[in-house]
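Descriptive structure summary
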Amino acid sequence: MKPLVIFEIANNHMGDLNHGLKIIKTYYYISKKYRKIIDFAVKFQFRDLDTFIHQDYLNTDHPQVKRFTDTKLTTLEWNKLINFSKRNFKIICTAFDEKSVESIIKKKFDYLKIASCSMDEWPLLEHIAKKAKSKKIICSLGGASLEEIRKTISFFSNRKMDVSYLYCVAKYPTNPKDLNLDFFNYLKSIYKDKIKGFSSHEMPDEKLSASLAYAMGAKIFEKHVGLKSKKYNLNKYSTSPKQMDDWLSNLKLAIERCGTPQKRKKFTPM
């Protein structure tokens, strides 16, 4: 099974359909030379802004509120962006509220994502368990305590749901010295194959994290991507195309060097 790299677009489409399409095209061309050994997906985020943002904050200048309201896409624009993405990628979407869960199911995303900030949001998790029981799910564990992680994994395990958990550091951006990748190994020692990968909020010029995580056993990787233009800047934790290419190049080297048990047959009788 090939590892999966998720290009997290989040709000980096900037509410501009053409800019979003350009991101998809650019990262598709970057991914082409790695597709023999890596699978790729793009990920979006859904929020029902009419209910997600409290009415008292809708017309304020709060930066987090404006980040959502200023990058809103229409239903038609979303459909065009999603359908275009499906041509060359698996598609994934984070649900931040109950209405978004149902939209993700309706639009037939390959995976539903649970953000680290939502991994103990029990009304949302209950809704996902009820409405998306047969859906493949990826869940980031972020800054959760060990007890919170235990409860969430137990919740989905008891319902026999297909959930892949990702280790990540919920610091935007994360300095290299704070990545603490060995905690991925610690989680795997407790939860075994349920811990599948690494979600990165690292500095955009970081090159080694994916290759190190792969050597530890990670098979799913998530990294924020975007495009700088005359109109739009990148945030502090989103990569440029060149930075992503460098990161993927190091991951490719790790995959080739780690190999598989089966490859040993080429050189030594088993």
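To be clear, the structure that these remarks concern was listed above.
Residues numbered from 1 in each chain as written. Predicted model: local features only at pLDDT ≥ 70, side-chain atom pairs only at ≥ 80, totals over all residues. Heavy atoms only, no water.

Concerning the nonpolar core
Basically, it comes down to this: Residues grouped as a nonpolar core are buried Ala, Val, Leu, Ile, Met, Phe, Trp, Tyr and Cys residues, joined through side-chain atoms within 4.5 Å. Exposure categories follow from relative accessible area, calculated using a 1.4 Å probe and restricted to protein chains: below 20% of the type maximum is buried, above 50% is exposed, and the middle band is partly exposed. Think of it this way: any DSSP run of H or I at least four residues long counts as a helix, any run of E at least two long counts as a strand, and we number them from the N terminus. Here a residue-residue contact requires only that any non-hydrogen atoms of the pair lie within 4.5 Å.
Ranked by size, the top nonpolar core spans 69 residues in total, and within it Phe7, Ile128, Phe221 and Leu248 carry the most contacts. Sort the elements by how many residues they give to this core and helix 1 (residues 17-31) lands first, with seven residues. Residues within four places of Phe221 in sequence aside, it is in contact with Pro3, Leu4, Val5, Ile6, Phe198, Ala210, Ala213, Tyr214, Trp247 and Leu251.

Quick notes on the pattern of salt bridges
Heads up, the rule is: The working definition used for a salt bridge is a side-chain nitrogen of Lys or Arg within 4 Å of a carboxyl oxygen of Asp or Glu.
Summed over the entire model, instances satisfying the criterion amount to 15 salt bridges. Close ionic contact of Glu8 with Lys43 constitutes a salt bridge, the shortest N to O distance being 2.4 Å. Of this pair, Glu8 sits in strand 1 (residues 4-8) while Lys43 sits in strand 2 (residues 39-46), placing them 35 residues apart in sequence. The residues Glu8 and Lys43 share a single accessibility class, namely buried.

Quick look at helix 9 (residues 209-216)
Listed as buried for helix 9 are Ser209, Ala210, Ser211, Ala213 and Tyr214. In the segment just after helix 9, Gly217 is the residue with positive phi, at about 120°.

Regarding the sheet that holds strand 1
Worth spelling out the cut-off: One bridge is not enough; two strands pair if DSSP finds at least two bridges between them. Between N-to-C directions, angles cover 0 to 180 degrees, with each direction set by a line fitted to C-alpha atoms, over the stretch in contact for helices.
Taking strand neighbours around the barrel as the criterion, the eight strands line up as 1-2-3-4-5-6-7-8 in a closed arrangement whose pairing is parallel. Ignoring which end each strand starts from, the neighbouring axes of this sheet average 25° apart. Here strand 6 (residues 163-168) pairs with strand 7 (residues 195-200) via four bridges, running parallel. Its bridge partner being in strand 7, Leu166 is matched across the sheet by Gly197. Running over the sheet, helix 8 (residues 182-191) touches strand 6 and strand 7 and is turned about 155° from strand 7. Its contacts with the sheet place helix 10 (residues 241-258) against strand 1, strand 2 and strand 8 (220-224), and it is angled at close to 165° to strand 1.

Focus: the packing of aromatic side chains
Threshold: Any two of the Phe, Tyr and Trp rings considered here, Trp counted by its six-membered ring, make a pair once their centres fall within 6.5 Å; the pair's planes then place it as stacked at under 30 degrees, edge-to-face at over 60, or tilted in between.
Here the structure, examined in full by the defined rule, presents 17 aromatic pairs. Ring geometry for Phe46 and Trp78: centres 5.0 Å apart, planes at 70°, overall edge-to-face. Of the two residues, Phe46 is situated in strand 2 and Trp78 in helix 4 (residues 75-86); the sequence distance between them amounts to 32 residues. Judged by its relative accessible area of 6%, Phe46 is buried. Residue classification places Trp78 among the buried positions, given a relative accessible area of 12%. Taking 5.4 Å as the distance between ring centres and 35° as the angle between the ring planes, the aromatic pair formed by Phe183 and Tyr186 counts as tilted.

Here's the deal with the pairing of strand 6
Rule in force here: Handedness of a crossover is defined as follows: with both strands directed away from the viewer, a clockwise route from the first strand across the helix to the second makes it right-handed.
Most of strand 6 is tucked away, with six of its six residues classed as buried. Burial along strand 6 is two-sided: the face carrying Val163, Tyr165 and Tyr167 and the face carrying Ser164, Leu166 and Cys168 are both buried. As defined by bridge partners, strand 5 (residues 136-140) adjoins strand 6 across four bridges and the pair is classed as parallel. Residue pairing in the sheet places Ser140 in a bridge with Leu166 of strand 6. Crossover connection from strand 5 via helix 7 (residues 146-158) to parallel strand 6: handedness right-handed. Where the polypeptide runs from strand 6 across helix 8 and back to strand 7, its parallel neighbour, the crossover connection is right-handed.

Details of helix 5 (residues 98-106)
Residues lying three or four places apart along an α-helix face the same way, a consequence of the helix completing one turn every 3.6 residues. Rules: This arc describes the spread of directions from the helix axis toward the C-beta atoms.
Those residues of helix 5 not exposed but buried are Ser100, Val101 and Ile104. One face of helix 5 carries all of its buried residues, which in axial projection span an arc of 110°. For helix 5, the exposed residues set more than 90 degrees away from the buried face come down to Lys99 and Lys106. Tucked inside the fold, the buried residues of helix 5 contact strand 2, strand 3 (90-95), strand 4 (111-114) and helix 6 (122-131). Taken from the residues just after helix 5, Lys108 is the one with a positive phi, measuring 60°.

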